[in-house]
Amino acid sequence: MTGDSLYFDNFMQGGLKCVRYEDIVRVTVHEGKRFSPDKLVLITPLQEYILDACIDGLNLNTIQTIFDYIIEKAKSSEEPFSISEQGVLSYQLPESLKLSYLKVLCNYAYINDDIIDSKEYNAITKISIRMEVEGETRSDLRIYMNDNAKRVKSGYFLRELKKSTENETGYWDAIKYCMTQDALYIHDVQSPGKDWREDGFLGSLKNQCELTEEQMDSMVYAVKLNKKMLLKDADMAKLKQEWKKFTASVKNTKGYVPSRYLFCSGSVYGIKSYNGFLKKDETSQSAINKQRELILQELIINNQKSVNVLIGDMNYLAARLEKALETEEKIQQDYDNIKILLNRIKAAMSTVKEEEEYNNSMLNN
């Protein structure tokens, strides 16, 4: 059993099967006889699932009580059952998974011109800040972001991510939703207004993560809402209502994505902003102003962290440059490449500082 589904295998009867809790209409139990097993029947609108050998030795009454509770909970819950609702977000992933996740995003940024430009660099840096990556992970990521010769195919990382999360409840949900929405955020940075369906990488990522087109569209809309929140004249009260209306509209549809992923991915916002803004019901102007202030404070702190990361990246490239100058072979080629990389990081840092000044000015308004 996971947060949203039951997986079962009746041994030699067709392999592993999966039933989502929200699809179960009714459950019946049938006590077995001397030469026949107990049976649990899960009734859905489309078919019935019979569990027999795989429930051998279990208390039928207890099982029925559990499923009756699940069915009732599914009917009354505001949001469908989901593994994600157990609270796993991208910042809670192990460092090894974070690194593979971020390298997939780097590969996407590399596609256009074999370099991560200043806007893409800024975006990925901020995503890594939101994910709270640790020093060693950042060091490995820094090398990957500044040396396209070290690239590894995204398919390799995705296979590793799937394999590593097979027995970790919630991790794969966190990866597939957050990583895809972060990729859509970078897509918006690269090609504002361009439909994701025209992008082969995003189409492949959607298939690898087993997402629907409707879910992709939901994530695109969430990225737009997150961008609106950064505007100086943003009407936070109106945006809060727009968020509430949006998350309610995708409930029980093919476009459903858990709200915490929609808010905390494809953006610079973390769980603090989510809990302070979207999860609280206060709608008074003073409460909205307070929530806005907390969000801005988080953005300012994250911008300061971004500056520190970019300084570290510049120091890394400066060391590479010094090493290149000590080597006779390919001096000019290495020098020119590193110079381009340095200028790109300088541009990213300039953008971060401008955003920091902008956020400070909004905080003082």
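Just above, that's the structure.
Remember, predicted model here, so these are calculated numbers, not experimental data.

Quick notes on the overall build of the protein chain
- Tallying secondary structure elements over the protein chain gives 13 helices and five strands in all.
- Buried positions account for 48% of the 365 residues belonging to the protein chain.
- Considering only intrachain contacts with a sequence separation of at least 6, the fraction spanning at least 24 residues in the protein chain is 68%.
- Carbon together with sulfur atoms contributes 49% to the accessible area of the protein chain, which is approximately 19,100 Å² in total.

Things to note about the packing of aromatic side chains
- Applying the stated criterion to the full structure yields ten aromatic pairs.
- A centroid spacing of 5.6 Å and a plane angle of 65 degrees characterise the contact between Tyr156 and Phe157, whose relative ring orientation is edge-to-face.
- The buried category is assigned to Phe157, whose relative accessible area is 5%.
- Considering the side-chain rings of Trp243 and Phe246, the 6.1 Å spacing of their centres and the 55 degrees angle between planes classify their relative orientation as tilted. Separated by three residues within a single helix, Trp243 and Phe246 lie in helix H9 (residues 236–250), roughly one turn from each other.
- Judged by relative accessible area, which is 0%, Trp243 ranks as buried.
- Among the aromatic residues, those joined into a cluster by ring pairs are Tyr221, Trp243, Phe246, Phe263, Tyr269, Tyr274 and Phe277.
- Seen from the ring of Phe277, Lys240 lies directly overhead, with NZ or CZ sitting 5.8 Å from the centre.

Digging into the packing of helix H2 (residues 95–110) against helix H6 (residues 171–190)
- The geometry of H2 relative to H6 is characterised by a closest axis approach of 10 Å and an angle of 25 degrees between their N-to-C directions. Regarding the angle of H2 to H6, the classification is roughly parallel. The handedness of the crossing between H2 and H6 is right-handed. Of the residues in H6, those touching H2 at Leu97, Tyr101, Val104, Leu105, Tyr108 and Ala109 are Tyr171, Ala174, Ile175, Cys178, Met179, Asp182, Ala183, Ile186, His187 and Gln190.
- Residues of the contact of H2 with H6, tallied by class, amount to 13 nonpolar, two polar and one charged.

A closer look at the sheet that holds strand E3 (residues 26–30)
- Pairing is antiparallel in the open sheet, where three strands are placed in the order E3-E4-E5. For this open sheet the edge positions go to E3 and strand E5 (48–51), each flanked by a neighbour on one side alone. Strand-to-strand, the axes of this sheet are offset by a mean angle of 20 degrees, without reference to chain direction.
- Across five bridges, E3 lies against strand E4 (residues 39–43) in antiparallel orientation. Opposite Arg26, over in E4, you have Ile43 as the bridge partner.

Let's talk about the pattern of salt bridges
- Within this structure, the stated rule accounts for eleven salt bridges.
- The partner of Asp313 in a salt bridge is Arg142, with the nearest N and O atoms 2.3 Å apart. Of this pair, Asp313 sits in helix H12 (residues 285–325) while Arg142 sits in helix H4 (residues 135–145), and the two are 171 residues apart along the sequence.
- The exposure class of Arg142 is buried, given its relative accessible area of 14%.
- Taken together, the salt bridges that share partners define one network made up of Asp195, Arg197, Glu213 and Asp217.

A closer look at H9
- Across its 15 residues, H9 extends 21 Å between first and last C-alpha, which sits within 8% of the 21 Å expected from 1.5 Å per residue.
- For H9, the full list of buried residues reads Met236, Leu239, Lys240, Glu242, Trp243, Phe246, Thr247 and Val250. Seen end-on, H9 carries its buried residues on one side only, within an arc spanning 160 degrees. The exposed set on the far side of H9, more than 90 degrees from its buried face, consists of Lys238 and Lys245.

Side note on the side chain of Ser218
- You can see Ser218 is positioned in helix H8 (residues 213–229).
- Here Ser218 falls in the buried class, since its relative accessible area comes to 4%.
- In this structure the side chain of Ser218 is engaged in a polar contact, spanning 2.7 Å, whose partner is the backbone oxygen of Gly255.

Parameters and conventions
- Residues numbered from 1 in each chain as written.
- Predicted model: local features only at pLDDT ≥ 70, side-chain atom pairs only at ≥ 80, totals over all residues.
- Heavy atoms only, no water.
- Helix = DSSP H or I, 4+ residues; strand = E, 2+ residues; numbered from the N terminus.
- Buried < 20%, exposed > 50% of the residue type's maximum accessible area, 1.4 Å probe, protein only.
- Contact = heavy atoms within 4.5 Å.
- Areas by Shrake-Rupley, 256 points an atom, 1.4 Å probe, with all protein chains shown as cover.
- Phe/Tyr/Trp six-rings, centres within 6.5 Å; stacked < 30°, edge-to-face > 60°.
- Lys NZ or Arg CZ within 6 Å of the ring centre and 35° of its normal.
- Axes fitted to C-alpha atoms, helices over the stretch in contact; angles between N-to-C directions.
- Parallel < 35°, antiparallel > 145°, perpendicular 65-115°, else oblique.
- Left-handed = near helix turned anticlockwise from the far one by under 90°.
- Nonpolar A, V, L, I, M, F, W, Y, C, P; charged D, E, K, R; others polar.
- Pairing = 2+ DSSP bridges.
- Salt bridge = Lys/Arg side-chain N within 4 Å of Asp/Glu carboxyl O.
- Expected span 1.5 Å × (residues − 1).
- Arc of directions from axis to C-beta.
- Polar contact = N/O pair within 3.5 Å; in protein donor to acceptor, adjacent residues only side chain to side chain.

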